[in-house]
Amino acid sequence: MYTTSFKNLDQGRTPAHWEFKFIPHPSVQSKFKRICDIAGSLVGLTILGILFVPIAIAIKLDDPGPIFFTQERYGLLGRPFQIRKFRTMVTNAEKLKHLVANEADGFIFKNKNDFRVTRIGRFLRSTSLDELPQFWNVLLGEMSLVGTRPPTADEVIKYNQFHWQRLRVKPGLTGEWQANGRSHIQEFEQVVNLDLQYQHKWHPLYDLWLIVKTIYVILAKVGAF
C-alpha cells in the first residue's frame, strides 16, 4: 500500500523535512471528484464573497485583530500547505494554549469550553462559516470537498506508520469524522479509523452522500463547539 522512510527523525525536525514514498489513494486521480471540487469551491467562494464583509466586521468588533487565522497544515503525501480560516479565537490564543486542558485522547486537541474562543467565534464554529476561506485551497487542488482532516506539524511529528495511511487522500472540508459527529468524537484513533473507512468505501457518489450528511449535521448543530 505504501512505504515510508524517515531520516534523522527527532522533535527538532518538521514533517516537511522527512522523505515519503506513498501510493496515493485512487480518489486522488478521479476526474469526477476534481470536477466536483472545482464546482463546489466556486459555489463556496461565492458564498464567501457575500458573507465576507459582515463576518469581518463582527470579528473586528468582538476582538480587535486579524480577520484570518493562518496555519501550516499537512495534506496529501505529507505535503505542507497554508490554510486560512476566519479567526475564532483571541489574538494571543497560541500563547494561552497551555492553560487549556485537552479533552481529547491522542494527537488532536479539543476543549468544549475553551475560554480563548470569542463570542462570534463560537457562532462561526457551530455553523462552520469559519472554514469558508478553505474553499480557495480546494480550488487550488491542495484540498478536496471530502477527505481527511488536515493535521498540524505537532500532530504529524507523532504519527506512526499506521497513522500515515490517512494522508493517502487529499485533506477535505468534510469527511467521515465531520459527518459522523464532529467534536463528539474525542479519540484520535477513532478519527484515523474513520479516515481509513472512507478510503475503503470511497466512490464519487459516496462523496456526495457525505456532503449531504455534513450539511444536515451543520444545520442540526451536531457535535459543534
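Residues numbered from 1 in each chain as written. Predicted model: local features only at pLDDT ≥ 70, side-chain atom pairs only at ≥ 80, totals over all residues. Heavy atoms only, no water.

Structural notes on the overall build of the chain
Reasoning step 1: What the chain contains, in helices and strands, is 9 helices and 6 strands.
Reasoning step 2: Looking at the chain residue by residue over its 225 residues, the buried ones come to 48%.
Reasoning step 3: Pairs at least 24 residues apart make up 69% of the contacts formed inside the chain by residues separated by at least 6 positions.
Reasoning step 4: Counting only carbon and sulfur atoms, one obtains 61% of the accessible surface of the chain, whose full area is about 11500 Å². (Helix = DSSP H or I, 4+ residues; strand = E, 2+ residues; numbered from the N terminus. Buried < 20%, exposed > 50% of the residue type's maximum accessible area, 1.4 Å probe, protein only. Contact = heavy atoms within 4.5 Å. Areas by Shrake-Rupley, 256 points an atom, 1.4 Å probe, with all protein chains shown as cover.)

Comments concerning empty space enclosed by the protein
Reasoning step 1: Applying the stated rule across the entire model yields 1 cavity of 30 Å³ or more.
Reasoning step 2: Here the largest cavity is characterised by a volume of approximately 50 Å³.
Reasoning step 3: For the largest cavity, the full set of lining residues is Phe32, Lys33, Cys36, Asp37, Leu145, Val146, Pro204, Asp207, Leu208 and Ile211.
Reasoning step 4: Tallied by class, the residues present in the lining of the largest cavity amount to 7 nonpolar, no polar and 3 charged. (1 Å grid on protein atoms, 1.4 Å probe; cavity = no way out; pocket = protein on both sides within 12 Å on 5 of 7 lines; lining within 4 Å. Points joined across faces, edges and corners; volume = space filled by probe spheres on them. Nonpolar A, V, L, I, M, F, W, Y, C, P; charged D, E, K, R; others polar.)

Points about the pattern of salt bridges
Reasoning step 1: Scanning the model with the defined rule gives 7 salt bridges in all.
Reasoning step 2: We note a salt bridge from Arg87 to Asp63, for which the minimum N-O separation is 2.8 Å. Here the residue Arg87 occupies a position in the loop between β4 (80-86) and α2 (93-96), and Asp63 occupies one in the loop between α1 (31-62) and β3 (68-74), the gap between them amounting to 24 residues. Each member of the pair Arg87 and Asp63 is classed as buried.
Reasoning step 3: Here Asp195 makes a salt bridge to Arg166, at a shortest N to O gap of 2.8 Å. In this pair, Asp195 sits in helix α8 (residues 188-201) while Arg166 sits in the loop between α6 (161-164) and β6 (172-174), placing the two residues 29 residues apart along the sequence. For the pair shown, Asp195 and Arg166 are each scored as buried. (Salt bridge = Lys/Arg side-chain N within 4 Å of Asp/Glu carboxyl O.)

Here's the deal with the packing of aromatic side chains
Reasoning step 1: All told, the structure shown has 6 aromatic pairs when counted by the stated rule.
Reasoning step 2: Judged by centre distance (6.1 Å) and plane angle (40 degrees), the ring pair of Phe52 and Phe86 falls under tilted. Of this pair, Phe52 sits in helix α1 while Phe86 is found in strand β4, placing the two residues 34 residues apart along the sequence.
Reasoning step 3: On the numbers, 5.5 Å between centres and 20 degrees between planes, the contact of Phe68 with Phe86 is stacked. Of this pair, Phe68 sits in strand β3 while Phe86 sits in strand β4, and the two are 18 residues apart along the sequence.
Reasoning step 4: A residue is classified by how much of its surface remains accessible, and Phe68, at 31% relative accessible area, is partly exposed.
Reasoning step 5: Here the aromatic cluster, defined as three or more aromatic residues joined through ring pairs, consists of Phe52, Phe68 and Phe86.
Reasoning step 6: The lysine or arginine in question, Lys97, covers the ring of Phe109, its NZ or CZ lying 4.8 Å from the ring centre. (Phe/Tyr/Trp six-rings, centres within 6.5 Å; stacked < 30°, edge-to-face > 60°. Lys NZ or Arg CZ within 6 Å of the ring centre and 35° of its normal.)

Some thoughts on the environment of Gln82
Reasoning step 1: Note on placement: Gln82 falls in strand β4.
Reasoning step 2: Taking the C-alpha atoms as reference, Gln82 lies 8.3 Å from Asn137; in sequence the two are 55 residues apart.
Reasoning step 3: Not counting residues up to four positions away in its chain, the partners in contact with Gln82 are Thr70, Gln71, Glu72, Asn137 and Glu142.

Focus: the pairing of β3
Reasoning step 1: Sheet topology places β3 next to β4; 7 bridges connect them, and they run antiparallel. From the neighbouring strand, Thr70 faces β4, where its bridge partner is Arg84.
Reasoning step 2: Hairpin connection, β3 to β4: the antiparallel pair is bridged by 5 residues, and Leu77 has positive phi, about 60 degrees. (Pairing = 2+ DSSP bridges.)

Description of unusual backbone geometry
Reasoning step 1: Phi at Leu77 takes a positive value of approximately 60 degrees, unusual for a residue other than glycine.
Reasoning step 2: Examined against the element boundaries, Leu77 turns out to sit in the loop between β3 and β4.
Reasoning step 3: Residue classification places Leu77 among the buried positions, given a relative accessible area of 16%.
Reasoning step 4: Positive phi is not limited to glycine here, since Ser128 has a value of about 65 degrees.
Reasoning step 5: Assignment of secondary structure puts Ser128 in the loop between α3 (119-127) and α4 (135-140).
Reasoning step 6: On the basis of relative accessibility, which here comes to 18%, the residue Ser128 falls in the buried class.

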